[in-house]
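The chain contents come next:
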Amino acid sequence: MSIPEDVDPLPARSMQPNPGGALRPDHVLGRDQLIADYWRTLQVQSLALLAPRRIGKTSIMVRMELLAPEGFVVVRRNLEGLESTSEFAQVLLEDIEQLLSTWKTKALRAREFLAKLGVVELHKIKLELRGVGWKRLLERLFDDLEEQLEQHDQTLVLMWDEVTLFIAQLINSGQAGDAMLLLDVLRAIRQSHPRVRMVLTGSIGFGELLRRLRREHGYRNRPLNDVAQRSVPLLQAGGAEALICALLRHADQALEPAFINELVQVSEGHPFVIQLLVDRVLQQLVPSRVDLRACLATLMTPPGDPLDLNHYLDRLERELDNQAAALARVVLDTVAASPDSLDRAGVCAALPGHPRDRVLATIRILEDDFYLRRNQHEQLEFMLQFVRRFWIAERGL
Ligand SMILES: Nc1ncnc2c1ncn2[C@@H]1O[C@H](COP(=O)(O)OP(=O)(O)O)[C@@H](O)[C@H]1O
Ligand SMILES: [Mg+2]
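What counts, and at which threshold
- Residues numbered from 1 in each chain as written.
- Chains lettered and ligands numbered in written order.
- Predicted model: local features only at pLDDT ≥ 70, side-chain atom pairs only at ≥ 80, totals over all residues.
- Heavy atoms only, no water.
- Near = heavy atom within 4 Å.
- Polar contact = N/O pair within 3.5 Å; in protein donor to acceptor, adjacent residues only side chain to side chain.
- Areas by Shrake-Rupley, 256 points an atom, 1.4 Å probe, with all protein chains shown as cover.
- Helix = DSSP H or I, 4+ residues; strand = E, 2+ residues; numbered from the N terminus.
- Nonpolar A, V, L, I, M, F, W, Y, C, P; charged D, E, K, R; others polar.
- Domains from an automatic or database assignment.
- Salt bridge = Lys/Arg side-chain N within 4 Å of Asp/Glu carboxyl O.
- Buried < 20%, exposed > 50% of the residue type's maximum accessible area, 1.4 Å probe, protein only.
- Core = buried A, V, L, I, M, F, W, Y, C linked by side-chain atoms within 4.5 Å.
- Contact = heavy atoms within 4.5 Å.
- Buried area = accessible area lost by both parts, 1.4 Å probe.
- Axes fitted to C-alpha atoms, helices over the stretch in contact; angles between N-to-C directions.

(A) Seen up close, the site of ligand 1. Residues in contact with ligand 1 amount to 20 residues; listed here are only the nearest, Asn18, Gly21, Arg54, Lys57 and Ser59. Taking Gly21, its main chain carries an N or O atom lying 2.7 Å from an oxygen atom of ligand 1. In isolation ligand 1 offers 560 Å² of accessible surface; the protein chains occlude 94% of this area. Mapped onto the shell around ligand 1, the elements with two or more residues apiece are α2 (57-66) and α12 (271-281). A breakdown of the residues in the shell around ligand 1 according to their chemical character gives eight nonpolar, eight polar and four charged. Viewed by domain, the shell around ligand 1 spans two of them, domain 1 (31-231) and domain 2 (237-299), each represented by three or more residues.

(B) Seen up close, the pattern of salt bridges. Per the stated rule, a full pass over the model turns up 26 salt bridges. The partner of Asp153 in a salt bridge is Arg195, with the nearest N and O atoms 3.2 Å apart. Here Arg195 lies in the loop between α8 (176-192) and β4 (196-202) and Asp153 lies in the loop between α6 (133-152) and β3 (155-161), a separation of 42 residues in the sequence. The exposure class assigned to Asp153 is exposed, which follows from its relative accessible area of 53%.

(C) Region of interest: the nonpolar core. Grouped together as the largest cluster of nonpolar side chains are 140 residues, with contacts concentrated most on Trp39, Phe88, Leu158, Trp160 and Leu307. Not counting residues up to four positions away in its chain, the partners in contact with Leu307 are Phe272, Val273, Leu276, Leu296, Leu299, Met300 and Phe386.

(D) Highlighting the domain arrangement of the protein. With domains assigned, the protein is organised as domain 1 (31-231), domain 2 (237-299) and domain 3 (310-394). Put simply, the middle of domain 2 and the middle of domain 3, counted by C-alpha atoms, are 30 Å apart. With five residues of domain 2 at the interface, the matching set in domain 3 holds five residues. Interface area for domain 2 against domain 3, summed over the two sides, is near 370 Å², with a carbon-plus-sulfur share of 62%. When the buried area of domain 2 at its contact with domain 3 is split by residue, Glu268, His270 and Leu296 rank highest and sum to 84% of it. Partitioning the side of domain 2 that touches domain 3 into residue classes produces two nonpolar, two polar and one charged.

(E) Inspection of the packing of helix α7 (residues 163-172) against α8 at higher detail. One can describe the packing of α7 onto α8 by two numbers: an axis separation of 7 Å at closest approach and a directional angle of 145°. Contacts from Phe166, Ile167, Leu170 and Ile171 of α7 reach α8 at Ala176, Ala179, Leu182 and Leu183. A breakdown of the residues in the contact of α7 with α8 according to their chemical character gives eight nonpolar, no polar and no charged.

As structure tokens, then:
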């Protein structure tokens with residue numbers, strides 16, 4: 001894909017803080033190694049990028065699009081807020097038609113299929129496509145696509161942001177059947193269309209969604225076993241430093257190594273936290289590293305919740321039934337409050353009143369959902385230490 005003229009493929013050396021905003025691709029820092037690795041994977045297979053909110057998944061996709069290798073075209077779309085599979089089919093048709101128009105062609109098979117159903121206006125698909133018509137539309141559309149991709153010798157990467165939210169929305173609104181069918185159809189499309197790849201992102205684990213579909217709806221398939229699944233990491237020290245320096249340069253601040261180091265530590269390499277902290281600290285007359293921890297503490301304390309920490313509390317209620325959510329809270333309390341690190345057996349031992357199987361299953365859910373992770377010694381820890389501190393404060397531990 002050609003690079004837009006106003007965007008430099010090199011990362012910016014100086015930039016204004018933009019915590020939570022949509023970033024320009026040259027303002028996405030510290031991710032190029034990861035992006036190169038993702039593109040290597042996309043040469044052969046599709047990719048799922050999973051991580052908590054605000055870690056930078058969307059930003060990574062924005063920059064990936066800019067750095068697309070020769071022979072790849074990218075179509076990017078946020079699926080958050082879509083309410084049905086027919087709406088999904090509609091936006092996909094719109095996106096694909098736009099791509100095809102750059103090659104001066106149309107999605108003829110898809111159009112013909114719609115015409116037979118009497119649908120002529122694309123924006124009405126959502127209302128008029130009944131039953132599993134959306135599935136047929138997708139199949140026709142991908143056949144149109146494959147033909148054009150072949151002719152132009154391109155591979156298409158469909159970057160779909162927040163797929164897990166969309167699937168969860170389908171399940172929560174009584175459309176679990178469509179959700180399962182969609183997952184199967186997408187897998188079949190990946191299998192039969194060698195020039196199509198997908199990048200799927202999600203802030204809640206696919207694992208938990210699939211468990212729900214299995215438990216509550218008898219789903220048996222493994223719709224992602226052909227996809228490389230990656231957890232998006234925090235920034236490494238070098239990337240975090242590059243981001244901090246670019247933000248400080250913009251404010252004409254000295255690049256004081258002690259300040260930069262402290263900021264790398266306090267932020268844990270979380271790019272959004274870096275953006276927020278620099279933004280706040282620079283509001284002080286003489287920004288100092290001693291202010292950084294206090295500043296983070298302020299960001300974590302009401303009023304307001306810029307770090308979206310309440311999301312970690314609410315999500316358990318929303319995604320789990322009452323009993324499971326209660327156990328999840330107890331497990332998190334145990335890990336958060338324990339003075340020593342605990343492995344899984346240690347957590348079970350600390351909770352003798354709960355069946356071992358259920359405790360282990362809960363730990364798995366919490367790992368899938370980015371609350372906890374296992375370190376190299378198999379000990380459980382909060383994925384983010386500031387989330388642990390929030391949990392301790394919020395739960396009065
Ligand atoms: N690589 C990065 N470089 C600079 N800022 C970043 C980067 N990644 C994330 N951010 C900051 O974090 C915010 C949230 O990032 P975003 O990509 O929207 O996360 P996610 O999609 O995982 O929720 C952005 O608005 C920006 O302020
Ligand atoms: Mg996002």
